[in-house]
Every structure is written in structure tokens, then in C-alpha cells.
Amino acid sequence: MTQLSSPTNRNQALRIALAGMITLSVAMGIGRFAFTPLLPMMLHDHSIDLNGGGWLATANYIGYFLGAMLCAFWRGLPQTSTIRVGLIATVLLTLGMGLLDGQSVWLLLRLLSGIASALVFVYSSGWCLHRLAQLQQPALGGIIFCGPGLGIMLTGLSSSAMVAGQWQAMHAWLAFGALAAALTALAWPSYRRSMPTITASTSETKTATATLEKVIRRPEVGWQVLAYGLAGFGYIITATFLPVIARQALPGSNWPDFFWPLFGLCVALGALSATRLPVHVDQRLLLAACYVLQAIGVTISTLLPNEVGFALGSVLLGLPFTAITLFAMREARRLRSDNSAGLMGLMTAAYGVGQIVGPPLATRLVRANGSFTLSLSIAACALLTGAALYVWLAKRTQ
């Protein structure tokens, strides 16, 4: 097949990257993380208590784990069809949180929303990164991973306005469902089945196949899965309870409503900054550095429980957030070449296990000692362990 011209490559790659960004803003920024800024509203409405909120978060993370396992072991619909189904499900399930009532129903909705989020994340990021590699524009991958941050920032700022307007949580869920539908409509046309491809030569294909046969048996795969799973546990307590923690530490302050949008803004900025780093740099060392930054971000609010501490914590937790995902998915492609969807699914499943453990542990420790400090310290230790693992892997294979 004739190779596409460079300007055509660039324009098509940019459209794909933007579609991926919008897709992840729906699946992650709304489908998963809209719950975080809405949790204080739900607590204020007395529709749930903190323990119930923790279980709703856990249900979503269990769903995320199940969805990731489906990605790893199940081959059903084509990738683009799966992405579209997942987007529709995210819209309907978000609307359902506002239309339906009762914690049992909400648990089911959050579980299903987690499944949809994982399916959309794994298949859309994998599909978009593969297309960008075909179009010889892999550096644009960072744009895709701005999506969660932009979605988090948008829902966070909207939630602040809703709180000021004394909205009920059910109306906020409906508004976010409508927003998810509008964004889905923007991304929808990009996921067509027939897309122009760039083919490699026969010698290139043989070389790639030989390389794949070597790397597929690497024991490094298992360590990568474990290290990525530690990141899931390390960030999730803060990402689930940040507005609640900030309100407890700063009673009467207006700042707690802005820490979550600040986190989202930094998620997007971090993803964009990651595109400026050379692709050939060892991604494992980049991951280690990101883990250390997040560990500092998780603990700094316990050392400085004021506006400055929470702002710095939001920045340091957010900047590496989707950069970690980008670097990890690149590692999956390095280890499994173009057959990386299964490994991406396993890594995402490990990440999901970490997320499942975090919220129940935090709520249990809060009931025991009235503070999030111990659970946040444990989370920071998990991140530092993951950083050490990546450094060890990098040195081991030099």
C-alpha cells in the first residue's frame, strides 16, 4: 500500500489523538471520576454516608478490574465497536445515577460503569496508539491521555458551581450524563472500521515477529504488571476522597472545591508534557520518577494540612497521573509489540486490584483513628516500592 504523505499522516493522526482524548474524558473523567466531586454533595444530601461512599467507589473499581480482565482474555466485538458500546453504556449509566435511587441500585450502576470504563480505556488507548504508530506520529499519544484530566477538571469546576447553586447530587448526575452524551457524539465518527493503514515490508514484519517471540516470554512482564498495580493502590485513596479530606482539614474554607479541578488540570498538563519527552528514553525510569512525585503528593497534605499543602499535593499527584499510563502502555507495546492489548488488559486489571483495596482500607482506618493519615502513608509506601521495582528492572536489562 502506498505510504501516506507526511502532512496527511499528521492531520489524520491529530484527529485520532483528539478523538482518543475526548473518549477518555468520557470514560474516565466522567464515567469513573465524576463520583469524586459528587461524593460531598451526596453526603450533604444524606443519600449515603462515608462508608457507603467508599463501597460505591469500590464497586466501580471492581467493575474496572472485571472490564480489564475481559480485555485480557476475551475477544468479542471489534475494537471500534467495543469502544462505541462502552461510550453508550457510560452515558446511560451516568444518567441512571440521577434517575434511579437506592444504594443497591447505585452499587450495580457503578460496577457496570467500571466495566465500561475499562473496556473503553484499554481498547481506545490501544487502538489510538496503534494508529498513531502506523501514521508515524507516536509522540501525539500524550494528547490522548489529556482526556481524563480535562474530564476531571470539567466535572470538578462544574461541581463547584453546582454546590454554589445548591444543586442536589441527582441533578448533577443527570447533567454529567448529558455532557457525556455530547462528547460521545464528537468522538463517534472517528471509530470507523475501515481506516487506511500503513504496511511494513516483509523483512520488517519478519523482524517484528522474531522480536515478539523473544519478548513474549520475558519474566519482566510479571514485574511490570505488579509495579503498575502498585500505582493503582498508591493514588486511589487521594483520588477518591480528596474533596472529603480537604473539607475535614479546612472547615469553612472555599478552597476544597478547587483542589480536584486543579488535580484534573495537572493531569492534562502532565500528559501533554509527556509528549515532549523522547520516545526512546527508558520508560521504566520515567515511571519510577512519576511514582516518586505521586508519593510526595500523597503525603504532603498530611505534613502541611493547609491550602498550600493540598494545592501542592493536587499538583504532584496530577502531573504524573496519565503520564504513568502513557509510559506503561508504551512498555506494554515494547514487550508485546502490536499484540499488546492482552498485556494492557492484565496491567489494567492489576491497577484495578490496587484501586479495589484502597477505599475500604481508608474508610476502615478512618473509623479506627478518625484520620486519613495512616492510609495515605501506606499508599505512599506502595508508590515508592513501585518506583524501586522499575529502577531495578531498568538496571537488570541494561
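Residues numbered from 1 in each chain as written. Predicted model: local features only at pLDDT ≥ 70, side-chain atom pairs only at ≥ 80, totals over all residues. Heavy atoms only, no water.

1. A word on the packing of helix H2 (residues 35-44) against helix H10 (residues 220-249)
In the contact formed by H2 and H10, the axes pass within 7 Å of each other and the chain directions differ by 50°. When the axis of H2 is compared with that of H10, the two are oblique. Handedness of the crossing formed by H2 with H10: right-handed. Where H2 abuts H10, its residues Thr36, Pro37, Leu39, Pro40 and Leu43 lie against Ala239, Thr240, Phe241, Pro243, Val244 and Arg247. (Axes fitted to C-alpha atoms, helices over the stretch in contact; angles between N-to-C directions. Helix = DSSP H or I, 4+ residues; strand = E, 2+ residues; numbered from the N terminus. Parallel < 35°, antiparallel > 145°, perpendicular 65-115°, else oblique. Left-handed = near helix turned anticlockwise from the far one by under 90°. Contact = heavy atoms within 4.5 Å.)

2. A few points about the nonpolar core
In terms of nonpolar packing, the biggest core is built from 117 residues, with Met42, Phe145, Tyr228 and Tyr291 touching the most fellow members. The biggest single contributor to this core is H10, with 16 residues. Beyond its immediate stretch of four places on either side in the chain, Tyr291 contacts Ala227, Tyr228, Ala231, Ile324, Leu383, Gly386, Ala387 and Tyr390. (Core = buried A, V, L, I, M, F, W, Y, C linked by side-chain atoms within 4.5 Å. Buried < 20%, exposed > 50% of the residue type's maximum accessible area, 1.4 Å probe, protein only.)

3. Structural notes on the packing of aromatic side chains
Taken as a whole and judged by the stated rule, the model has 15 aromatic pairs. Where Trp127 meets Tyr191, the ring centres are 5.3 Å apart and the plane angle is 55°; that geometry is what we call tilted. Within this pair, whereas Trp127 is found in helix H5 (residues 103-134), its partner Tyr191 is found in the loop between helix H8 (169-187) and helix H9 (202-215), the two being separated by 64 residues in sequence. Like Tyr191, Trp127 is buried. Ring plane angle 25° and centroid distance 5.5 Å describe the contact between Phe259 and Phe310, whose orientation is recorded as stacked. Of this pair, Phe259 sits in helix H11 (residues 256-274) while Phe310 sits in helix H13 (residues 307-318), and the two are 51 residues apart along the sequence. For Phe310, a relative accessible area of 3% translates into the label buried. Joined through ring pairs, the aromatic side chains of Phe33, Tyr228, Tyr235, Trp260, Phe263, Phe321 and Tyr351 make up one cluster. Note that Arg32 overlies the ring of Tyr64, its terminal NZ or CZ placed 4.1 Å from the centroid. (Phe/Tyr/Trp six-rings, centres within 6.5 Å; stacked < 30°, edge-to-face > 60°. Lys NZ or Arg CZ within 6 Å of the ring centre and 35° of its normal.)

4. Digging into the confidence of the model for the chain
With 89% of its residues at a pLDDT of 70 or more, the chain has an overall mean of 85. Across the chain, the element-wise mean pLDDT spans from 40 in H9 up to 95 in H8. Low pLDDT, under 50, characterises residues 194-217; the stretch is placed with 25 contacts to residues that sit more than four places away or in other chains. (pLDDT = per-residue confidence, 0-100.)

5. Some details on the environment of Ala382
You can see Ala382 is positioned in helix H16 (residues 373-396). Since its relative accessible area comes to 9%, Ala382 is described here as buried. Through-space distance from the C-alpha of Ala382 to that of Gly232 is 9.4 Å; in sequence the pair is 150 residues apart. Ala382 has contacts with Leu230 and Phe233, leaving out every residue within four places of it along the chain.

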